[in-house]
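# Summary of structural features
Here is how the chains run, residue by residue.
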Amino acid sequence: MPDQIAYSNPSPNLEEIRARHSNGFLFYLSFLLFLLVLAAYGGLIFLNRAQQSAEQEILAQIDQKRQELRPELVQQIFSLEARFKAMQSLIQKHTFPSRIFTWLEQRTHPRVAFSTFSFDGTTRKVALAGTADSLVSLNQQIGIFQQDPSIEKVDFGGLAFKRESGNVAFNAAVILKPSFLQVTP
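Below is a short write-up of the structure. Everything numeric here is computed off the predicted structure, so don't read it as measured data.

## Points about the sheet that holds strand β2 (residues 125–132)
- The strand order across the open sheet formed by four strands is β1-β2-β4-β3, and the pairing between neighbours is antiparallel. Two strands in the sheet have a free side with no partner beyond their single neighbour: β1 (112–120) and β3 (151–161). Within the sheet, the average angular offset between the axes of one strand and its neighbour, ignoring direction, is 15 degrees.
- Relative to strand β4 (residues 168–176), β3 runs antiparallel, the two being bridged by eight bridges. Residue pairing for β4: Asp155 is matched across the bridge by Ala173.
- Sitting on the sheet, helix α3 (residues 99–106) is in contact with β1, β2, β3 and β4, with an inclination near 155 degrees to β1.
- Running over the sheet, helix α4 (residues 135–147) touches β1, β2, β3 and β4 and is turned about 165 degrees from β3.

Rendered as structure tokens:
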């Protein structure tokens, strides 16, 4: 029996064949994934270099424009801007009491006349003394003032009947809203 060589060719079973093919498939899939990651990394490096060169070009253009500007003109522009801002804040804080005359003319009842007028800018108070031809006209004047949106508060008082003229004398104090006396931007 020693002369006999036993040659056995065991046929691979199904599990061995699957194991061999699956290892090859995973290898090729991993290799493909590696190549994709490598290509993406190379693309990012290329994109980064392109962005850096674009940034350098933009910075060079900015420096060129900065050198083209004359420093005295730039200083003058900043000075004018500061002046405009200061004037804007002054105008916003400034009151325009002359608006009161137009306002009073538009809101005075035709049968009411004001004889005295005074204005206090700090309290925005308009003190008026006047006469009306009747209590009905005075009541209508009070209604006109009370419905006005630019008035904060209205006080009427000091009623007196004048026998010789048949008129009603009265005093009124009107406090205007702050927005009425200021310029709207």
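## What about the pairing of β4?
- Across the nine residues that make up β4, a large majority, seven, are buried.
- Looking at chain direction, β2 and β4 are connected through eight bridges and run antiparallel. Its bridge partner being in β4, Ala127 is matched across the sheet by Ala173.
- The antiparallel pairing of β3 with β4 creates a hairpin that spans six residues between the two strands, and Gly166 there sits at a positive phi of about 75 degrees.

## Overview of the pattern of salt bridges
- The full count for this structure, using the stated rule, is five salt bridges.
- Residue Arg124 pairs with Glu152 through a salt bridge whose shortest N-O separation is 3.1 Å. In this pair, Arg124 sits in the loop between β1 and β2 while Glu152 sits in strand β3, placing the two residues 28 residues apart along the sequence.
- With a relative accessible area of 19%, Arg124 lands in the buried category.
- With a relative accessible area of 47%, Glu152 lands in the partly exposed category.
- Lys153 is the partner of Asp155 in a salt bridge, and the nearest nitrogen-oxygen pair spans 3.8 Å.
- We classify Asp155 as partly exposed; its relative accessible area is 38%.

## Let's talk about the environment of Ala129
- Position of Ala129 relative to the elements: it lies in strand β2.
- Not counting residues within four places of it along the chain, the set of residues in contact with Ala129 comprises Ala113, Phe114, Ser115, Thr116, Phe170 and Asn171.

## Describing the pairing of β1
- In this sheet, β2 lies alongside β1 in antiparallel orientation, the contact comprising eight bridges. Bridge assignment links Ala113 to a residue of β2, and that residue is Thr131.
- Between β1 and β2, which follow one another and run antiparallel, lie four residues, and Arg124 among them has a positive phi close to 60 degrees.

## Looking at the nonpolar core
- If you look at the biggest cluster of nonpolar residues, it comprises 19 residues, and the most contacted ones within it are Ile100, Trp103, Phe145, Ile151, Val174 and Leu176.
- Listing elements by their share of this core, those giving two or more residues are α3, β2, α4, β3 and β4.
- Tallying contributions element by element places β4 first for this core, with five residues.

## Let's talk about α4
- Here α4 is 13 residues long and its end C-alpha atoms lie 18 Å apart, about the 18 Å a rise of 1.5 Å per residue gives.
- Taken together, the buried positions of α4 are occupied by Ser137, Leu138, Gln141, Ile142 and Phe145. Across the axial projection of α4, the buried residues extend over an arc of 145 degrees, all falling on one side. Turned more than 90 degrees away from the buried face of α4 sit Val136, Asn139, Gln146 and Gln147, all of them exposed.
- On its buried face, α4 sits against α3, β1, β2, β3 and β4.

Here is what the cut-offs are and how they apply
- Residues numbered from 1 in each chain as written.
- Predicted model: local features only at pLDDT ≥ 70, side-chain atom pairs only at ≥ 80, totals over all residues.
- Heavy atoms only, no water.
- Pairing = 2+ DSSP bridges.
- Helix = DSSP H or I, 4+ residues; strand = E, 2+ residues; numbered from the N terminus.
- Axes fitted to C-alpha atoms, helices over the stretch in contact; angles between N-to-C directions.
- Contact = heavy atoms within 4.5 Å.
- Buried < 20%, exposed > 50% of the residue type's maximum accessible area, 1.4 Å probe, protein only.
- Salt bridge = Lys/Arg side-chain N within 4 Å of Asp/Glu carboxyl O.
- Core = buried A, V, L, I, M, F, W, Y, C linked by side-chain atoms within 4.5 Å.
- Expected span 1.5 Å × (residues − 1).
- Arc of directions from axis to C-beta.

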